[in-house]
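One letter stands for each residue in the lines below.
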Amino acid sequence: MAKILIVEDEEAIADLEKDYLENASFQVDLAIDGEQGYHLALTGKYDLIILDVMLPKMDGFTLLKKIREDQNIPILLVTAKKEDIDKIRGLGLGADDYITKPFSPGELVARVKAHLNRYQSIIEDRDFTGDVLHIRGIKLDKTARRVFVSGQEKRLTTKEFDLLLFFMEHPNQVFTKEELFKEVWDNDYYGDIATVVVHIKKLREKIEADPVNPQYIVTVWGCGYRFKV
Ligand code: CA
C-alpha cells in the first residue's frame, strides 16, 4: 500500500483529501504546517507528497525545495492562487504536478495514482541495470532477486527463485528431477526429490498464464524438464 503525506493547514480540505485517498486504499498522514510537513517528509518514508502552497511556519515552495534536496518522490503542489501556477512553472521547483483549488477529490486521486504508477515504472527500470535475465515475457533480476512476468511482479520463495534462475541460465536444456535437486538444493543428495515436483508446480502457478499447459517450464516426458525459449 502506498503511503502519502498531505501537508495542508485548512482542516476541511485536509480531511476531504484524506478521506478520498483512504477510500482509494492509500495510507495517509497529515501535517498541518510546513515545519511538521518537513519533519514527516524526511522521516516517514512516503511514496508521494501533496503539498499546499500557503502554509504556516514554512511555505510550500520553500518546503518543496528542502524536500527535494533529499528525496525524488512525486510531489503535487496544491494552490488557490493563479499567480502561483506561473511561479511553479517558472522556477523549476521540482514539483511533479500542481492542482488548483477548488478541485474535485476524484481528480486528485486520479493524479496521485498516475504519478505513483509513473514513479514505480522508473524505479523498476533502474533496478534492471544490474544482472538481469530476460527470456520472452520473463525478466529476472539476480541482484534484486525480483521476477516480473509480462511486467507484473511475482513473489517467489527462495527456492522457487533459485529454481527459475537455474532454468533461465540453462535455457532449452533438459534436466531430470535428480539433476535439478542436486543443482538447486545444495547437492543434498539425501533430501527428498519429490520437492522438485512440488516447486515446479508452484512456480508454474506463478509464472504461467495456464499452469496446466505451460509455455516456459515444460515437461519432457520420460526425461524431466526444460525451460523453453
Ligand atoms: Ca493553506
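Residues numbered from 1 in each chain as written. Predicted model: local features only at pLDDT ≥ 70, side-chain atom pairs only at ≥ 80, totals over all residues. Heavy atoms only, no water.

As a further point, take the coordination of the calcium ion. Surrounding the calcium ion are the protein donor atoms D9 (OD), D52 (OD) and M54 (O), at 2.0 to 2.3 Å. Using a relative accessible area of 3% as the deciding quantity, one classes D52 as buried. (Donors = N, O, S within 2.8 Å, 3.2 Å for Na, K, Ca; no water. Buried < 20%, exposed > 50% of the residue type's maximum accessible area, 1.4 Å probe, protein only.)

In this model, helix α1 (residues 11–23) (13 residues) spans 18 Å end to end at C-alpha, consistent with the 18 Å of a helix rising 1.5 Å per residue. Considered for burial, the residues of α1 that qualify are A14, E17 and L21. Buried residues of α1, viewed axially, fall in a sector of 70°; they line one side. Set apart from the buried face of α1 by more than 90 degrees, the exposed residues are E11, A12 and N23. Phi turns positive, to about 70°, at S25, one or two residues after α1. (Helix = DSSP H or I, 4+ residues; strand = E, 2+ residues; numbered from the N terminus. Expected span 1.5 Å × (residues − 1). Arc of directions from axis to C-beta.)

A few words on unusual backbone geometry. For the bond running from K101 to P102, omega is -5°, close enough to zero to count as cis. With respect to the helices and strands, the residue P102 is situated in the loop between β5 (97–100) and α5 (105–127). For R145, which is not glycine, the phi dihedral falls at a positive 50°. Tracing the chain through its elements places R145 in the loop between β7 (138–141) and β8 (146–149). A positive phi angle, near 50°, is found at S150, a position not held by glycine. Mapped onto the elements, S150 comes out in the loop between β8 and β9 (152–154). Its relative accessible area of 66% is what places S150 among the exposed residues.

Among the nonpolar cores identified, the biggest contains 26 residues, and I138, L164, F167, L180, I217 and F227 are the most heavily contacted of them. Tallying contributions element by element places helix α6 (residues 158–169) first for this core, with 7 residues. If sequence neighbours within four positions are ignored, F227 has contacts with I135, I138, L164, F167, M168, P171, N172, Q173, Y216 and I217. If you look at the next biggest cluster of nonpolar residues, it comprises 20 residues, including V7, M58, F61 and L64. (Core = buried A, V, L, I, M, F, W, Y, C linked by side-chain atoms within 4.5 Å. Contact = heavy atoms within 4.5 Å.)

Inspection of the secondary structure assignment puts G37 in helix α2 (residues 34–43). Each C-alpha atom of the pair G37 and L55 lies 9.8 Å from the other, and the pair is 18 residues apart in sequence. Apart from residues lying up to four places away in sequence, G37 is in contact with L5, V7, A31 and L63.

Here we take up the sheet that holds β5. With parallel pairing, 5 strands are arranged side by side in an open sheet as β2-β1-β3-β4-β5. Each edge of the sheet is formed by a strand with only one pairing partner; in this case those strands are β2 (27–31) and β5. Direction aside, the axes of adjacent strands within the sheet are offset by 20° on average. Both strand β1 (residues 3–7) and β2 contribute to a ladder of 5 bridges, which runs parallel. (Pairing = 2+ DSSP bridges. Axes fitted to C-alpha atoms, helices over the stretch in contact; angles between N-to-C directions.)

Take the pairing of β7 next. The two faces of the sheet receive side chains in turn, since in a regular strand these alternate between them. Across 4 bridges, the pairing between strand β6 (residues 132–135) and β7 is antiparallel. In the strand pairing of β7, I135 is matched with I138. Taken together, β6 and the strand that follows it, β7, pair antiparallel across an intervening segment of 2 residues, in which R136 is found at a positive phi of about 45°. Sheet topology note: the β7/β8 ladder contains 4 bridges and is antiparallel. Residue L140 lies in a different strand from β8, and its bridge partner there is V147. What sits between the antiparallel neighbours β7 and β8 is a turn of 4 residues, in which R145 has the positive phi angle 50°.

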